[in-house]
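Next come the chains, spelled out residue by residue.
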Amino acid sequence: MADWVTVFAYLIAAAISATAASKASLRRERRDHAFWRATAILMIFLGINELLDLQTLLTVIGRANAEAYGWYAIHRTVQYYFVAGLAVFAAFAGIAVLWLTRGTHVAVRIALIGLGFIGLFILLRAASFHHLDDLLGRGFKAFSLWMMQELLGILIVAGAAWLYCSRAVRVKAH
């Protein structure tokens, strides 16, 4: 059931983000429109990922390749470099997104915080360090701390999109 709650949360955040993209389009705010449209698409993809568990498929494919090509003995090292590469990519992507969103509505910046929470969740899950799994797997029976972190990020994104939608519509004159 917890997975369905997360999928539903992603879809609600996607719908509100799509509405924010529509509002930005009406206001002729191109960067905001592009941001909210990309956020809506990302939320849909993450909801689908939650439903289909694509990261587990990636793990299974990686493990099968490691065994088939004889490098399973060093799979922890490969996993470390994979996660380190993801972290470096995320850092550069974060800097680029901050630069691209300069001068946008404050709700865009708030949504970036939510996306950061979700990104950190994904990065930590990709690392899949067992002591983190033990710690963050705790919580309520159906809702672990992992899931609560993910839901917090989704809630921040949805709240920021809602904030963006709620501001008065101003259409710029040409």
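What counts, and at which threshold
Residues numbered from 1 in each chain as written. Predicted model: local features only at pLDDT ≥ 70, side-chain atom pairs only at ≥ 80, totals over all residues. Heavy atoms only, no water. Patch = residues over 30% accessible without salt bridge, like charges linked within 9 Å, V, L, I, M, F, W, Y side chains within 5 Å. Areas by Shrake-Rupley, 256 points an atom, 1.4 Å probe, with all protein chains shown as cover. Salt bridge = Lys/Arg side-chain N within 4 Å of Asp/Glu carboxyl O. Buried < 20%, exposed > 50% of the residue type's maximum accessible area, 1.4 Å probe, protein only. Core = buried A, V, L, I, M, F, W, Y, C linked by side-chain atoms within 4.5 Å. Helix = DSSP H or I, 4+ residues; strand = E, 2+ residues; numbered from the N terminus. Contact = heavy atoms within 4.5 Å. pLDDT = per-residue confidence, 0-100. Phe/Tyr/Trp six-rings, centres within 6.5 Å; stacked < 30°, edge-to-face > 60°. Expected span 1.5 Å × (residues − 1). Polar contact = N/O pair within 3.5 Å; in protein donor to acceptor, adjacent residues only side chain to side chain. Axes fitted to C-alpha atoms, helices over the stretch in contact; angles between N-to-C directions. Parallel < 35°, antiparallel > 145°, perpendicular 65-115°, else oblique. Left-handed = near helix turned anticlockwise from the far one by under 90°. Nonpolar A, V, L, I, M, F, W, Y, C, P; charged D, E, K, R; others polar.

1. What about a nonpolar patch on the surface?
Among the surface-exposed residues, W4, L11, L42, I44, F45, I48, L51, L52, L54, L57 and I61 lie close enough to one another that they form a single nonpolar patch of about 1,000 Å² accessible area. We classify L57 as partly exposed; its relative accessible area is 49%.

2. Structural notes on the nonpolar core
Residues F35, W36, M43 and I118 are the most contacted members of the largest nonpolar core, which totals 25 residues. For this core, the secondary structure elements donating two or more residues are α1 (2–26), α2 (30–52), α5 (106–127) and α7 (145–166). A per-element tally of this core places α1 first, with eight residues. When neighbours within four sequence positions are excluded, W36 is seen to be in contact with S17, A20, A21, A107, V108, A111, V157, A160, A161 and Y164.

3. Some details on the confidence of the model for the chain
Within the chain, residue pLDDT values average 83, and 84% of them lie at 70 or more. Across residues 169–174, confidence stays below pLDDT 50; counting only partners more than four residues off in sequence or on other chains, it has 11 contacts.

4. Structural notes on the packing of aromatic side chains
Considering all chains together, one arrives at three aromatic pairs under this definition. For the pair W36 and Y164, a centre-to-centre distance of 5.6 Å together with 45° between the ring planes defines the contact as tilted. Residue W36 is found in helix α2, and its partner Y164 is found in helix α7; the two are separated by 128 residues along the sequence. Taking the centre distance of 5.3 Å and the plane angle of 75° together, the rings of Y80 and Y81 count as edge-to-face.

5. Here we look at α1
For α1, which comprises 25 residues, the first-to-last C-alpha distance of 36 Å matches the rise-based estimate of 36 Å (1.5 Å per residue) to within 8%. Where α1 is concerned, the buried positions are A2, T6, V7, A9, Y10, A13, A14, I16, S17, A20, A21 and A24. A positive backbone phi angle near 60° is found at R28, which sits one or two residues after α1.

6. Looking at unusual backbone geometry
Residue R28 is not a glycine yet carries a positive backbone phi of 60°. The phi angle at D53 is positive, at roughly 60°, despite the residue not being glycine. Considering the arrangement of structural elements, one finds D53 in the loop between α2 and α3 (54–68). The partly exposed category is assigned to D53, whose relative accessible area is 33%.

7. Comments concerning the environment of R31
With respect to the secondary-structure elements, R31 resides in helix α2. Taking the C-alpha atoms as reference points, R31 and V108, 77 residues apart in sequence, are found 9.9 Å from one another. Within the structure, the side chain of R31 is placed 2.7 Å from the backbone oxygen of R102, a separation counted as a polar contact.

8. Quick notes on the packing of α1 against α2
The geometry of α1 relative to α2 is characterised by a closest axis approach of 8 Å and an angle of 165° between their N-to-C directions. Between α1 and α2, the crossing angle belongs to the class labelled roughly antiparallel. The way α1 lies across α2 gives a crossing that is left-handed. By residue class, the composition of the contact of α1 with α2 is 15 nonpolar, six polar and four charged.

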